[in-house]
Amino acid sequence: MTTNADEPQPRPRRRAPAGAAVLRQDVTEAIRAAVFEELAAAGYARMSIEGIARRAGVGKTAVYRRWRSKLHLVLDLLSAIAVQGLPAPDTGSLEGDLRLLYEVTSRALRHPVASQILPDLQAEAARNPDIAEALQKALREGQDSVARGIVAAAQARGELRPGADHALALDLISGPLYWRSVVIRSPKLPKEYLAALTRATTEALKAL
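Residues numbered from 1 in each chain as written. Predicted model: local features only at pLDDT ≥ 70, side-chain atom pairs only at ≥ 80, totals over all residues. Heavy atoms only, no water.

1. Examining the pattern of salt bridges
Step number 1: Under the definition given, this model contains 11 salt bridges.
Step number 2: As a salt-bridge pair, glutamate 38 and arginine 55 come within 2.4 Å of each other at their nearest N and O atoms. Here arginine 55 lies in helix H2 (residues 49-56) and glutamate 38 lies in helix H1 (residues 25-46), a separation of 17 residues in the sequence.
Step number 3: In this structure, the salt-bridge partner of glutamate 103 is arginine 99, at a minimum N-O distance of 3.1 Å. Residue glutamate 103 and its partner arginine 99 are located together in helix H5 (residues 94-109), separated by 4 residues, close to a single helical turn. (Salt bridge = Lys/Arg side-chain N within 4 Å of Asp/Glu carboxyl O. Helix = DSSP H or I, 4+ residues; strand = E, 2+ residues; numbered from the N terminus.)

Structural data, given as structure tokens:
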């Protein structure tokens, strides 16, 4: 059989380089979800790569391809949380924005997984500077961008005076709910707590 040299010839199929690992996104997300479950069930100190892999339905190698250790895994998750942050409320009023923020934050903090993970990581942060730094960044940066947006919008509407102390505003906006939900871990918020907190915070911000 002869072939015409001018006719296009089929290209040989290229093979992936030996040892190259293609990291599937669905596997990565399954591992991240498993980390939250393992943290909630076992705590950071007793959490293991084996347990994470088992929950994710993958081998340990799949975890180690992505993270060198459980510390790096948790630090990566905390960094991702900081980047994602909370949705910025836009109700048209300072009081409405604060109430919506508190409702969303309260639900998030009282989620069974979050309510187990945050206190455990805070305790671990006292012993591990890397976790302390990452946890502070995740919590503060996520809240800071939302708080700044709420204050800026209120200033633009004339509800707050220009030049308000943003650091103090962040403390006033975020502090009380974190104190009650995460630090003292109140089992249940009183019925009118969020409404009362919204009113009090609104007045406090106007006084800045």
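2. Thoughts on the environment of leucine 39
Step number 1: Looking at the secondary structure, you find leucine 39 in helix H1.
Step number 2: For leucine 39 and valine 74, which are 35 residues apart along the polypeptide, the C-alpha to C-alpha distance reads 9.3 Å.
Step number 3: For leucine 39, the contacting residues outside a window of four places in its chain are Tyr44, Met47, Val74, Ile117, Asp120 and Leu121. (Contact = heavy atoms within 4.5 Å.)

3. Details of the nonpolar core
Step number 1: Ile31 and Val35 are the most contacted members of the largest nonpolar core, which has 52 residues in total.
Step number 2: In terms of residue count, helix H7 (residues 129-156) provides more of this core than any other element does, 9 residues in total.
Step number 3: Apart from the residues lying within four places of it in its own chain, the contact partners of isoleucine 31 are Ile52, Ala56, Val58, Ala62, Val63, Arg66, Trp67 and Leu73. (Core = buried A, V, L, I, M, F, W, Y, C linked by side-chain atoms within 4.5 Å. Buried < 20%, exposed > 50% of the residue type's maximum accessible area, 1.4 Å probe, protein only.)

4. Here we look at a nonpolar patch on the surface
Step number 1: Taken together, the side chains of Trp179, Val183 and Ile184 present a nonpolar region at the surface, about 320 Å² in accessible area.
Step number 2: A relative accessible area of 45% places isoleucine 184 in the partly exposed class. (Patch = residues over 30% accessible without salt bridge, like charges linked within 9 Å, V, L, I, M, F, W, Y side chains within 5 Å. Areas by Shrake-Rupley, 256 points an atom, 1.4 Å probe, with all protein chains shown as cover.)

5. Describing the environment of threonine 91
Step number 1: Tracing the sequence through the fold places threonine 91 in the loop between helix H4 (70-84) and H5.
Step number 2: Looking at threonine 91, the relative accessible area reads 43%, which means it is partly exposed.
Step number 3: Placed 59 residues apart in sequence, threonine 91 and isoleucine 150 show a C-alpha to C-alpha distance of 10.0 Å.
Step number 4: Residues within four places of threonine 91 in sequence aside, it is in contact with Gly96, Asp97 and Leu100.
Step number 5: One polar contact links the side chain of threonine 91 to the main-chain carbonyl oxygen of serine 93, over a distance of 3.3 Å. (Polar contact = N/O pair within 3.5 Å; in protein donor to acceptor, adjacent residues only side chain to side chain.)

6. A short note on the confidence of the model for the protein chain
Step number 1: Summing up the model confidence of the protein chain, the mean pLDDT is 82 and the portion of residues at 70 or higher is 86%.
Step number 2: Looking across the protein chain, the model is least confident in H4, with a mean pLDDT of 75, and most confident in helix H9 (residues 193-206), with 96.
Step number 3: Per-residue pLDDT stays below 50 along residues 1-9; that stretch engages in 1 contact with residues further than four places along the chain or on separate chains. (pLDDT = per-residue confidence, 0-100.)

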